[in-house]
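# Report on the structure
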Amino acid sequence: MTRAIANDRLDRLHWLSSQGVRFSFAVTDEMKALKKDAPEWTSSVGDRAADPLMSEVFSITTDENPAPLLDVPISEIITHAHLSGSRGLRDRVQPEPFRGLASRRPCRALGALTDAARHGDVPRRLWADFLHADGRVDDPLRMITVIARRIERHSLENIRMIVYPVSEWMEKIADRLYGDAAHVLPDLWNRVVDALASSPQERRGPPNRSWADEALNSPVGRLVDLLLKDPSTNGLDIGVGFPRCWTDRAEQLLALPDTLRRYALVLISRQLPWLYTIDPRWTEERLLRSAEDLGDDGDAFWSGILWAGRAPGRELFLRLKPAFAQRAAMPSIRRSHGNILAGILLFHWGDTAENDPSERVLTDDEFREILIHADDELRGHVIWNLEQWFSNEDRRWRDRILPFLRRVWPKQRALRNPNVTARLTDLAISSGDLMPEIVKALLPRLVPLRGPTLHTFARDSEAEDHPARRYPRSTLDLLMTILAEDPGQWPYGTEDVLQALAEAPETAADPRLSELRRRQEWA
């Protein structure tokens, strides 16, 4: 008989007996027999057997009192811990006595886990309770050593079963593993890495899922975090290289199979500018070869770089420039963090735009070629970044915007479409006193819109700084180019802009405005 059936029958028999029902059999003996299959059952549960089964929202508290496990033989603690954890739901209390035991009597808790391991049992949840318990960071050195040695004794298969809590514990006590417990780290690290390497992990989920999101909380992610906390890498001079023990451990992670290797790759490549600065040779040999990979390794590498959100230095960008161009030409579903990629390209073009062409990191022609082969999404990100940096009143970007539009922005007819027009129009309307010149530069590259929203049109048209009031003629030039024949396709707020133009002396009598008003009235 299953435990669930036994619990259900005990509930019914107890409740019916308490209501005065008499049975044709010895109900006490029957209940004793049922308790053998459901030893955790209590009469308080049976008292509520007839309670309504309607849904109810309530919170469950956790009781970590270890008392139920204190007088139990070591060999029976795990069994009792499992039984205790399945009780109390109806009392709205979740007993977790092993968690309390791990905090208050860690030697006894570890002894129970060790005894279970001798019989081939590796209870993942209880190992997690033990390694996550309060006080693990402050354990005596001897206790840390014993925990590590017990973990190392497990077979690789068993270590894989508990590798999540083990790696989290290692990362949590990083200061100890690089300090007074440094003698523990080498063997423990090697054993955990061997366990990971012994079982390749297939990637699950949609193909466009971020490698960074997957890697962050994985066991490999915890080991990378531990690696990056190594104090031997602090304060190193440019180009001196990393300590051999550090690169050996990094290479172990990068040598893991398939998905696990990519978890390491995305997290380590996130630190690429620092790695290249300290040890360019090692970085070249172990990381940069993935830059032009068109498969999962390349996706993981670039996910790490773009996730960091930092523009690489001049030398590193020059080394990666062909790969940047290759990545920019990929479909957006394969190109994560497109806005960051666009920002990096724009930054390196603008940072040296006034230099002699031979000294530029990204020339006008190179940037134009990248934009030609990119998609509308990336081109839109470039315009958005340009608009944001210009809006921050950065004088340097104010001086860059017209050269960018005149010398860099592609002129190909195939790239003129409503989506790009909407982004360029937003840029023009938000460009302040440069608007007349920007509109003049953009007009040949714009097409009528077919519904895209212009966020700049939603501004208060009554405001004195509205473009239609400051530069009515340029605003009208722009509208005549981007507004479709059908007013139903016009962006929200167009009517207010036309009214502002009708009130401006420069455009009130302009026949083009009359034409737009005629279309509006006809619709």
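In what follows, the accompanying structure is described. (Residues numbered from 1 in each chain as written. Predicted model: local features only at pLDDT ≥ 70, side-chain atom pairs only at ≥ 80, totals over all residues. Heavy atoms only, no water.)

To continue, consider the pattern of salt bridges. A side chain of one charge can pair with a side chain of the opposite charge if their charged atoms are brought near each other. Tallied over the full model, the rule gives 35 salt bridges. With a shortest N-O distance of 2.8 Å, glutamate 284 and arginine 319 are connected by a salt bridge. Residue glutamate 284 is found in helix α19 (residues 280-286), and its partner arginine 319 is found in helix α21 (residues 314-328); the two are separated by 35 residues along the sequence. Overall, arginine 319 belongs to the partly exposed group, its relative accessible area being 28%. Among the ionic pairs, aspartate 365 bridges to arginine 368, the shortest N-O distance being 3.0 Å. Placement of both aspartate 365 and arginine 368 in helix α23 (residues 364-373) is noted, with a separation of 3 residues, approximately one turn of the helix. Exposure remark for arginine 368: the relative accessible area of 23% places this residue in the partly exposed category. (Salt bridge = Lys/Arg side-chain N within 4 Å of Asp/Glu carboxyl O. Helix = DSSP H or I, 4+ residues; strand = E, 2+ residues; numbered from the N terminus. Buried < 20%, exposed > 50% of the residue type's maximum accessible area, 1.4 Å probe, protein only.)

All right, on to the packing of aromatic side chains then. Describing an aromatic ring pair means giving the distance of the ring centres and the angle of the ring planes. Taken as a whole, this structure holds 15 aromatic pairs when the rule is applied. Judged by centre distance (6.0 Å) and plane angle (65°), the ring pair of tryptophan 246 and tryptophan 282 falls under edge-to-face. Pair noted here: tryptophan 246 is in helix α16 (residues 244-254) and tryptophan 282 is in helix α19, with a separation of 36 residues, a long-range link. In terms of burial, tryptophan 246 and tryptophan 282 fall into one category: buried. On the basis of an interplanar angle of 70° and a centroid distance of 5.5 Å, the ring pair of tryptophan 349 and phenylalanine 404 is categorised as edge-to-face. Of this pair, tryptophan 349 sits in helix α22 (residues 338-351) while phenylalanine 404 sits in helix α25 (residues 395-408), and the two are 55 residues apart along the sequence. The rings of Phe242, Trp246, Trp274 and Trp282 are connected pair by pair, giving a single aromatic cluster. (Phe/Tyr/Trp six-rings, centres within 6.5 Å; stacked < 30°, edge-to-face > 60°.)

A complete count under the given rule lists 2 cavities of 30 Å³ or more for this structure. Put simply, the largest cavity is a space of about 60 Å³. Around the largest cavity, the lining residues are Ser269, Arg270, Leu272, Pro273, Ile305, Ala308, Arg310, Pro312, Leu316 and Leu320. Broken down by secondary-structure element, the contributors of at least two residues to the lining of the largest cavity are α18 (272-278), α20 (296-308) and α21. (1 Å grid on protein atoms, 1.4 Å probe; cavity = no way out; pocket = protein on both sides within 12 Å on 5 of 7 lines; lining within 4 Å. Points joined across faces, edges and corners; volume = space filled by probe spheres on them.)

For aspartate 258, which is not a glycine, the phi torsion comes out positive at approximately 45°. As for its placement among the helices and strands, aspartate 258 is situated in helix α17 (residues 258-269).

On to the packing of α22 against helix α24 (residues 376-391), then. Contact geometry for α22 and α24: axes closest at 8 Å, N-to-C directions at 60°. Taken together, the axis directions place α22 and α24 in an arrangement best described as oblique. Our pair here, α22 against α24, has a crossing hand that is right-handed. Facing α22, whose interface residues are Gly338, Asn339, Leu341, Ala342, Gly343, Leu346 and Phe347, α24 presents Leu378, His381, Val382, Trp384, Asn385, Leu386 and Trp389. (Axes fitted to C-alpha atoms, helices over the stretch in contact; angles between N-to-C directions. Parallel < 35°, antiparallel > 145°, perpendicular 65-115°, else oblique. Left-handed = near helix turned anticlockwise from the far one by under 90°. Contact = heavy atoms within 4.5 Å.)

Taken N-terminus to C-terminus, the directions of helix α8 (residues 124-131) and helix α11 (residues 163-172) make an angle of 10°; their axes are 9 Å apart at the nearest point. The orientation of α8 with respect to α11, classified from their angle, is roughly parallel. Taking contact as the criterion, the partners of Arg124, Ala128 and Leu131 in α8 are, on α11, Tyr164, Pro165, Val166 and Trp169. Grouping the constituent residues of the contact of α8 with α11 by class yields 6 nonpolar, no polar and 1 charged. (Nonpolar A, V, L, I, M, F, W, Y, C, P; charged D, E, K, R; others polar.)

This paragraph deals with the nonpolar core. Residues Phe98, Phe130, Trp169, Met170, Phe367 and Phe404 are the most contacted members of the largest nonpolar core, which totals 133 residues. Considering every element that reaches this core, the biggest residue donor is α17, with 7 residues. Apart from the residues lying within four places of it in its own chain, the contact partners of phenylalanine 98 are Leu69, Ile77, Ile78, Ala81, Ala109, Ala112, Leu113, Leu126, Asp129 and Phe130. Counting 9 residues, the second-largest nonpolar core is a separate cluster that includes Leu13, Met31, Leu34 and Trp41. (Core = buried A, V, L, I, M, F, W, Y, C linked by side-chain atoms within 4.5 Å.)

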